[in-house]
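Structure assessment
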Amino acid sequence: MRQSKLIVAALLLAVLASAGLALLLAVRTGRVDDWVGRQLVGIVNTHLEPSLGFETLELESPKLAVVNGATLTAPDGTEILSIDTLSVRLAKLPRVGEPIVIQAIEIVDATIHVERDPVTGRFKGLDPILKGAGNTSEPAEDDDEAIRLSDVFELRRILLDNVDLRYDAGDGSAPMVLPPLTADLTIVPETDDDGRVWHAMDLSAREADAVRLDARARLDLDTFTIDLKQGDFAIDLDANTMQSLPPELRTLLEAAEARGRLSIAASGLLPLTDPASGRAQVAIGLREFNVGQGEFQIPIESIDADARLDNQELTIELAGELLGGRIETVEVSLDLTTERTSAYAEWNIAGLDLEGLMRTQQAEGGDADEDESKPAGIAGLLSTSGSITCAAQALPATMAGEGTLTIRDGRLIMLPGLTELADLMGVVLRKKAKANHTFDMSFRLTERGIEIDKSELVTAMLAARATGAIGYSGEADLTINAGILERIQSLLGPIGDALANLTDELTPYILTGPITSPSVRVAPLGMGAEKDEAQADVEVPEEDSGG
């Protein structure tokens, strides 16, 4: 959405600058009277806060002017638009009471600079274009009569040759640089029954085969509304093509080491000054994609997300295949109204192969746990489902939800706190372990964090049950009951649950601290210490290879 908005803003800059130059040309050559002069004053004062300038202007015929070194400069001195060569061809000489008909505008070797003000969130120097009188359906008025862009000029064609668009987010990050635009836009004026004038056009840009942009749209220059019939963007993400993305998105993707094929298809009717109040449909696809950080990665075979915007209501549906499993459903609903921004989401994910998360295991093409000196690996098939609701302006106080998570055929040596727990119990966990661990958890999402109502981990030599909370900051406070006896309880089913009610209080441990590096201790007044001594130096048999 931001990318489409920037492209349209760029076109508007070129159109308005060219129209202003065409009007200026007409005034300088004495071929119009006071009416056109008033239109010139109206369009410049109402729609162009930045000032127009140029180095040379050559009249090649009464209807053709070639301008060299044209610039559009904001009041603060920021150069918004620079054009090496700008040709303006009029379809006919201007007449009183009629729009200036521009047969074609040709822009060669140009750069459009769009800079965001980090304080106001607006584009510097562009408020009259994106925020001014043209932002409403009511035309701006001067002292004598209403002025609309469609009353002032009619544009039939735009030729772009090597036009760069640079977008600076204003946060110190490197600017986004779109591949040079080279396009022939034939613009067809269309007038609705209510008199609304649209300018239909096609746009295309390429950077070899790595970046592709195509758009078919129409613009209402009076209200700055875009009717995007179809917009398609595709990019093969690598270090070079990242520069074609908005800085906010690029920073996120670079931090995630994202690589692969990204495609976006969009359509909709959007007022550029308030896109959230419009209607739009966006389909996002990932193919042969990979993200990672440190020793972890997430290989993605495919993900498809469909988003729909309808007057401040945004819904997203997502499905895909990754880590050998499937995201069956992820549904998100967002209320974008300022007064009550709220969200609802639910998910159902099945069979994710955790072993694929380990970048080292993937890179070495084998089991990283064969060498006991290497970091412990993780394996297992993960499935989870649940739902969540919240209000964005009151987080985490409004957080509410619940879910379940299971792991089968697991090797969970890396599970936070497990090594510390085994040390206290005197059980040696071997990295060279069979993938036969299981894990089950049911939880709630609250203002406090993830509240674990029930969880159970079962390995070849020990089992543990835990309840408590993990805060959104990552701080954990869990009570754990663990030991060989717990292993027996898990095998006894309902009888084991009844036995657990009698014995859980006898073998408590406490896990606290950051979930990434927690500490585990015997609970005060617990009897775990005696049990720990009895279990000291218990090592998992080699042939069992359990944890």
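Residues numbered from 1 in each chain as written. Predicted model: local features only at pLDDT ≥ 70, side-chain atom pairs only at ≥ 80, totals over all residues. Heavy atoms only, no water.

1. Section: the overall build of the protein
This is how the line gets drawn: Numbering of helices and strands runs from the N terminus; a helix is a DSSP stretch of H or I covering at least four residues, while a strand is a stretch of E covering at least two. Accessible area is worked out with a 1.4 Å probe on protein chains only. A residue is then buried under 20% of its type maximum, exposed over 50%, and partly exposed in between. Contacts are residue-level and defined by heavy atoms, with any inter-residue pair within 4.5 Å sufficient. Each accessible area value is a Shrake-Rupley result obtained with a 1.4 Å probe; residue values ignore everything except the protein chains displayed when judging cover.
Secondary structure summary: the protein contains ten helices and 31 strands in total. Burial statistics for the protein: of 547 residues in total, 46% are counted as buried. Restricting the contact set of the protein to residue pairs at least 6 apart, pairs at least 24 apart contribute 57%. Counting only carbon and sulfur atoms, one obtains 52% of the accessible surface of the protein, whose full area is about 25300 Å².

2. A few points about the confidence of the model for the protein
As a reminder of what qualifies: Confidence of the predictor at the level of single residues is given by pLDDT, which spans 0 to 100.
The pLDDT averaged across the protein works out to 75; a share of 70% of its residues lies at or above 70. For residues 130–146, every residue scores under 50 in pLDDT, and the model assigns this stretch 36 contacts once sequence neighbours within four places are set aside. Low pLDDT (under 50) marks residues 527–546, which in the prediction has 47 contacts with non-local residues, meaning those over four places away or in another chain.

3. Observations regarding the side chain of serine 82
With respect to the helices and strands, serine 82 occurs in strand 4 (residues 79–90). You can call serine 82 buried: its relative accessible area is 18%. Filtering out sequence-adjacent residues up to four positions away, serine 82 remains in contact with Ala70, Asp109, Ala110 and Thr111.

4. A look at the packing of aromatic side chains
Cut-off, in case you're wondering: Classification of ring pairs uses Phe, Tyr and Trp, with its six-membered ring standing for Trp, and accepts pairs whose centres are within 6.5 Å; under 30 degrees between planes counts as stacked, over 60 as edge-to-face, and the remaining range as tilted. Look at NZ for Lys and CZ for Arg. If either is within 6 Å of the ring centre and within 35 degrees of the ring normal, a charge sits over the ring.
With the rule as written, the count across this model stands at zero aromatic pairs. Sitting above the plane of the tryptophan 198 ring, arginine 218 keeps its charged end 4.2 Å from the centroid.

5. A closer look at the pairing of strand 11 (residues 181–186)
Here is the rule: Paired strands, as defined in this entry, are two strands with at least two bridges between them according to DSSP.
With burial as the criterion, only one face of strand 11 is covered, namely that bearing Leu181, Ala183 and Leu185; the residues Thr182, Asp184 and Thr186 on the opposite face remain uncovered. Sheet topology note: the strand 9 (residues 157–168)/strand 11 ladder contains five bridges and is antiparallel. By the bridge assignment for strand 11, leucine 160 is matched with alanine 183.

6. Here we look at the nonpolar core
Our working rule: Only buried Ala, Val, Leu, Ile, Met, Phe, Trp, Tyr and Cys residues count toward a nonpolar core, and they belong to the same one when joined by side-chain atoms within 4.5 Å.
Membership of the largest hydrophobic core comes to 105 residues, with the highest contact counts inside it found for Ile107, Leu237, Phe289, Leu421 and Ile480. Looking at this core element by element, the count peaks at seven residues for strand 5 (residues 100–115).

7. As for the environment of glutamine 103
Applicable threshold: We define a polar contact as two N or O atoms separated by no more than 3.5 Å, with the added condition that, inside protein, one atom must be a possible hydrogen donor and the other a possible acceptor, whereas residues neighbouring each other in sequence contribute only through side-chain atom pairs.
Looking at the element boundaries, glutamine 103 is found in strand 5. Taking relative accessible area as the criterion, glutamine 103 reaches 31% and is therefore assigned partly exposed. Each C-alpha atom, one on glutamine 103 and one on leucine 155, is 6.4 Å from the other, the two residues being 52 residues apart in sequence. Those residues in contact with glutamine 103 that lie beyond four places of it in its chain are Arg89, Leu90, Ala91, Arg156 and Arg157. Looking at glutamine 103, its side chain comes within polar contact range of the side chain of arginine 156, at 3.1 Å.

8. A look at helix 7 (residues 418–425)
What counts, and what does not: The reported arc concerns the directions from the helix axis to the C-beta atoms and nothing else.
Taken together, the buried positions of helix 7 are occupied by Leu418, Leu421, Ala422 and Met425. The arc enclosing the buried residues of helix 7, seen along the axis, measures out at 100°, which places them on a common side. Once helix 7 finishes, glycine 426 follows within two positions and takes phi at roughly 80°, a positive value.

9. Topic: the pairing of strand 18 (residues 296–310)
As judged from the 14 bridges shared by strand 17 (residues 279–293) and strand 18, these two strands associate in the antiparallel manner. Pairing of glycine 285 across the sheet is with aspartate 304, part of strand 18. Taking the residues between adjacent antiparallel strands as the criterion, strand 17 and strand 18 are bridged by two residues, where glycine 294 takes a positive phi near 60°. Of the pairings in the sheet, the one linking strand 18 to strand 19 (residues 313–322) comprises ten bridges and is antiparallel in character. Across the sheet, the residue bridging to aspartate 310 is glutamate 313, located in strand 19. The hairpin turn running from strand 18 into strand 19, its antiparallel successor, is two residues long, and asparagine 311 in that turn takes a positive phi close to 50°.

10. A short note on the environment of asparagine 481
Along the chain, asparagine 481 falls in strand 28 (residues 475–483). Distance from asparagine 481 to alanine 523, taken between C-alpha atoms, is 9.8 Å for residues 42 residues apart in sequence.

11. Points about unusual backbone geometry
With omega at 0°, the peptide bond leading from leucine 395 into proline 396 counts as cis. Residue position: proline 396 is located in the loop between strand 22 (379–391) and strand 23 (400–411). The phi angle at asparagine 162 is positive, at roughly 65°, despite the residue not being glycine. Along the chain, the position of asparagine 162 falls in strand 9. With phi around 45°, glutamate 288 is a residue other than glycine that occupies positive phi space. Along the polypeptide, glutamate 288 turns up in strand 17. Here glutamate 288 falls in the exposed class, since its relative accessible area comes to 66%.

12. A few points about the environment of lysine 434
Structurally, lysine 434 is set in the loop between strand 24 (427–428) and strand 25 (437–445). Relative accessible area serves as the criterion here: at 45%, lysine 434 is assigned to the partly exposed category.

13. Focus on the pattern of salt bridges
To keep things clear, this is the line we draw: Salt bridge, as used here: a side-chain nitrogen of Lys or Arg that lies within 4 Å of a carboxyl oxygen of Asp or Glu.
Enumeration according to the criterion identifies 14 salt bridges in this entry. Two residues, aspartate 214 and arginine 212, come together in a salt bridge whose shortest N-O distance is 3.2 Å. The exposure class assigned to arginine 212 is partly exposed, which follows from its relative accessible area of 30%. Here arginine 218 ties to aspartate 227 by a salt bridge, and the two come within 2.8 Å at their closest N and O atoms. Each member of the pair, arginine 218 together with aspartate 227, is buried. Linked by salt bridges that have partners in common, Arg218, Asp227 and Lys229 make up one network.

14. Considerations on a negative patch on the surface
Note the cut-off: A residue counts toward a patch only above 30% relative accessible area and without a salt bridge, and it is joined to like-charged neighbours within 9 Å or, for Val, Leu, Ile, Met, Phe, Trp and Tyr, to nonpolar neighbours within 5 Å. By the counting scheme adopted, Arg and Lys are positive, Glu and Asp are negative, and His together with the chain ends is not counted. Working definition for charges: the position is that of NZ of Lys, CZ of Arg, CG of Asp or CD of Glu.
A surface patch of negative charge is lined by Glu55, Asp84, Glu106, Asp109 and Asp161. In this structure, aspartate 84 sits in strand 4. Given the relative accessible area of 47%, aspartate 84 is considered partly exposed.

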